Amino acid sequence: MPPESDDPAVTSGGRSDPAVGIRICGLNKSFDGPEGELVALAEIDLGVREGEFLCIVGPSGCGKTTLLRILAGLEPQFGGSVDFTVDTDGKPLQSMVFQEQGVFPWLTVLENAAYGLTVRHVPKDRCRAQARDYLRKLGLSAFEAAYPSQLSGGMRQRVNLARAFVNDPAVLLMDEPLGALDEQTKMLVQTDLLRLWEGSNKTVLFITHSLDEAIVLGDRVAVMSNRPGRIKTILDIDLPRPRDALELRNNERFLHLRRQVWDSLREEVVSLESDENRAPVAAGAAP
Amino acid sequence: MRRVEKILVVASPVGVFVLWEILAYLGWIDVRILPPPSSVAITMVVMFGEEGLLDHTAATLFRFFIGMAVGVVPGVLIGLTMGIFRWFRAFTNPLVALFYPIPRIALFPLVLILVGINETSNVIMIALGPFFTMLISAMYSVLNIDRIYRDVAENFETGPRHLYTMVTLPAAMPTLMGGLRISVGLGLLGTVAVEFLVGESGLGHVIWNSWQVLSLQRSMAGLVVSAIVGFAVYLSMDLLERYLVPWQKKTAPV
Ligand SMILES: Nc1ncnc2c1ncn2[C@@H]1O[C@H](COP(=O)(O)OP(=O)(O)OP(=O)(O)O)[C@@H](O)[C@H]1O
Ligand SMILES: [Mg+2]
């Protein structure tokens, strides 16, 4: 695949010849709200590199979930274009990990994890073997016969992640999958997640409202503006891998990056606080 | 269930019977109108032995189960189809709205004219209540499925077969069970009602017939047996629910 030199979002990175996996051009999305049209996303341009872990942060309500739902094919009507150019190699194109979990309460942990394979008519033995493999990696082996209602919140999140990983898609779309967890559990699951991803060559879009999380996990962090959402800044996270979620937090480079991301996001949060009905965000705010 | 609750569950009906017996013994209630449990029990034993009460019970249960099956199965199937397919809902919903509010007992003469006075008309009358109840709860059980589950199914490109068996039906199951509990009550009511009206057999017939000849103890005995039948059916719903909705942690009433 040729390098995409005309795409600002791609060339802003430091690496050479990053192949584009998902190209998003001039993406617009509005909803019919109670007070007329509500513009959720305005002119999103973003190139996601093949195999990268791209984190997206942004103020609440700026359209992060909407962006991911469009990529997941769940919002058929939008303006602009989305092209997946990743090499799927016979795998499913994408799977989404939903913000509200969506683990099926009526399926056991094992059945939930194997869901994607089951509905693709993969033979039962292989479904189970692959699901068990990921459940083991996520420390859920002892609970494969349990129903989700019998698990803790952290374990349910792991099931949610397992279901997406077992499906083995080329692209993983994750919408604040660890949002509901306490700090300690979050760090454990982050480490699990990094281990799973590092052993794969998946492209990941990961939404979070935690700056620490974005920097710990991501190759790059995209900061979105207030609604209507745009990509405001993209920062390279040049921390070495493999990373450890716990140790990184005292690393000097980490603190510096955190400062940079926060500076970019703070303007959005402050303006959101001071003026709820603000017009579209000023362009050219990137550093 | 905690032990205290278990005791209370048994203690409350037993308590009512003991109180009733005592009040009758003290003469505070008129035993000609409300015979005490002890004499009803004796009458019941006699009736089981000499008057074929067991056969009447069997006849009632038989009608009830046939009527339930005839009502519940098509009710669930049509209701689920209405929930799943918009176009089907659009053309069946007005019909449901038209027929559902008619008092079912008012349809009895019509049913009798159409099929005659026989076991078929009984079954139809018993089935009507459960049919509409299951149809409506099945439709709403599908319509009220959380959007997140549809989204997940869509994102994993779930085909129709897996969608219905792994998502739609299990998601609808708790609501369906609720509908079934109400249907069971309606079915029992309908069974006894048709036995009042046209029965030559069944507990409803026993209760009504004894009452007409002013044999209150017999009437009461029939009532008690039908209450026991209702109790047993209701308890079996808990077992059914545990089997059909195993993922739900329930604090069942009994
Ligand atoms: N189906 C919908 N109908 C109408 N408006 C919607 C719909 N979905 C989202 N919106 C609106 O679009 C905007 C963006 O919503 P979205 O869920 O994408 O935000 P978000 O960035 O994910 O927020 P959060 O961080 O709180 O999850 C919000 O103002 C929301 O009210
Ligand atoms: Mg969201």
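Keep in mind it's a predicted model, so treat the numbers as computed, not measured. (Residues numbered from 1 in each chain as written. Chains lettered and ligands numbered in written order. Predicted model: local features only at pLDDT ≥ 70, side-chain atom pairs only at ≥ 80, totals over all residues. Heavy atoms only, no water.)

A few words on the interface of chain B and chain A. Opposite the 19 residues of chain B that make contact, chain A presents 25 residues. Taking both partners together, chain B and chain A bury about 2100 Å²; carbon and sulfur atoms supply 66% of that area. For the pair chain B and chain A, the number of links is one salt bridge. Aspartate 151 of chain B is paired through a salt bridge with arginine 69 of chain A; the nearest N and O atoms lie 2.7 Å apart. Joining chain B to chain A, the criterion identifies seven residue pairs in polar contact (both at pLDDT 80 or more). Among the elements of the structure, helix 7 (147-155) and helix 8 (160-198) of chain B are those that each provide at least two residues to the side of chain B that touches chain A. For the side of chain B that touches chain A, the element with the most residues is helix 7 of chain B, which contributes eight residues. (Contact = heavy atoms within 4.5 Å. Buried area = accessible area lost by both parts, 1.4 Å probe. Salt bridge = Lys/Arg side-chain N within 4 Å of Asp/Glu carboxyl O. Polar contact = N/O pair within 3.5 Å; in protein donor to acceptor, adjacent residues only side chain to side chain. Helix = DSSP H or I, 4+ residues; strand = E, 2+ residues; numbered from the N terminus.)

A few words now on the packing of helix 6 (residues 153-167) of chain A against helix 7 (residues 183-198) of chain A. Residues and elements named next belong to chain A. Following both chains from N to C, one finds helix 6 and helix 7 inclined at 15°, their axes separated by 11 Å at the closest point. It follows from the interaxial angle that helix 6 and helix 7 lie roughly parallel. The chirality of how helix 6 crosses helix 7 is right-handed. Contacts between helix 6 and helix 7 involve Gly154, Arg158, Leu161 and Phe165 on the former and, on the latter, Thr185, Leu188, Val189, Asp192, Leu193, Leu196 and Trp197. Among the residues making up the contact of helix 6 with helix 7, the classes are represented as seven nonpolar, two polar and two charged. (Axes fitted to C-alpha atoms, helices over the stretch in contact; angles between N-to-C directions. Parallel < 35°, antiparallel > 145°, perpendicular 65-115°, else oblique. Left-handed = near helix turned anticlockwise from the far one by under 90°. Nonpolar A, V, L, I, M, F, W, Y, C, P; charged D, E, K, R; others polar.)

Residue and element names in this part refer to chain A. If you check the shell around ligand 1, you find 13 residues, and the closest are Ser60, Gly61, Lys64, Thr65 and Thr66. A distance of 2.7 Å separates an oxygen atom of ligand 1 from a polar side-chain atom of serine 60. Residue cysteine 62 places a main-chain N or O atom 3.2 Å away from an oxygen atom belonging to ligand 1. The biggest single contributor to the shell around ligand 1 is helix 2 (residues 64-71), with three residues. The residue makeup of the shell around ligand 1, split by class, is four nonpolar, six polar and three charged. (Near = heavy atom within 4 Å.)

Moving on to the pairing of strand 5 (residues 94-97) of chain A. Here is the key point about a regular strand: its side chains alternate between the two faces of the sheet. All names here are of chain A. In strand 5, alternate side chains face the same way, and those of Gln94 and Met96 on one face and Ser95 and Val97 on the other are all buried. The pairing of strand 5 with strand 6 (residues 171-175) spans four bridges and is classified as parallel. The residue of strand 6 that forms the bridge with methionine 96 is leucine 173. (Buried < 20%, exposed > 50% of the residue type's maximum accessible area, 1.4 Å probe, protein only. Pairing = 2+ DSSP bridges.)

Residues and elements named next belong to chain A. The buried fraction of helix 2 amounts to seven of the eight residues, a majority that puts the element mostly inside the structure. The complete set of buried residues in helix 2 reads Lys64, Thr66, Leu67, Leu68, Arg69, Ile70 and Leu71. One or two residues past the end of helix 2 sits glycine 73, with phi positive at roughly 80°.

Let us now look at the coordination of the magnesium ion (ligand 2). Around the magnesium ion (ligand 2), the protein contributes the donor atoms Thr65 of chain A (OG1) and Gln99 of chain A (OE1), which lie 1.9 to 2.3 Å from the metal centre. Here the residue threonine 65 of chain A occupies a position in helix 2, and glutamine 99 of chain A occupies one in the loop between strand 5 and helix 3 (109-113), the gap between them amounting to 34 residues. (Donors = N, O, S within 2.8 Å, 3.2 Å for Na, K, Ca; no water.)

Before going further, it helps to examine the pattern of salt bridges. Side-chain pairs of opposite charge can arise where the charged atoms are in close proximity. By the definition in use, this model includes 27 salt bridges over all chains. Two residues, arginine 266 of chain A and aspartate 263 of chain A, come together in a salt bridge whose shortest N-O distance is 3.4 Å. Highlighted residues: arginine 266 of chain A and aspartate 263 of chain A, both in helix 9 (residues 252-274), separated by three residues, approximately one helical turn. Each of Lys29, Arg69 and Glu75 of chain A together with Arg147 and Asp151 of chain B takes part in one network of salt bridges that share partners.

As a further point, take the confidence of the model for chain B. Mean pLDDT over chain B stands at 90; residues scoring 70 or higher make up 98%. Interface confidence in the predicted complex, given as ipTM, is 0.84; pTM for the same model is 0.84. (pLDDT = per-residue confidence, 0-100.)

So, about the domain arrangement of chain B. Residue and element names in this part refer to chain B. Domain boundaries assigned for chain B yield domain 1 (1-34) and domain 2 (35-244). Here domain 1 and domain 2 have C-alpha centroids that lie 29 Å from each other. In this complex, domain 1 contributes eight residues to the contact, which on the side of domain 2 involves six residues. Both sides of the domain 1 and domain 2 interface together cover about 640 Å² of buried area, and 70% of this is carbon and sulfur. Of all residues in domain 1, the largest losses of buried area upon contact with domain 2 belong to Trp20, Glu21 and Leu34, amounting jointly to 56% of the total for that side. At the junction of domain 1 and domain 2, the tally comes to zero salt bridges. In this assembly, domain 1 and domain 2 are joined by two residue pairs in polar contact (both at pLDDT 80 or more). Among the residues making up the side of domain 1 that touches domain 2, the classes are represented as six nonpolar, no polar and two charged. (Domains from an automatic or database assignment.)

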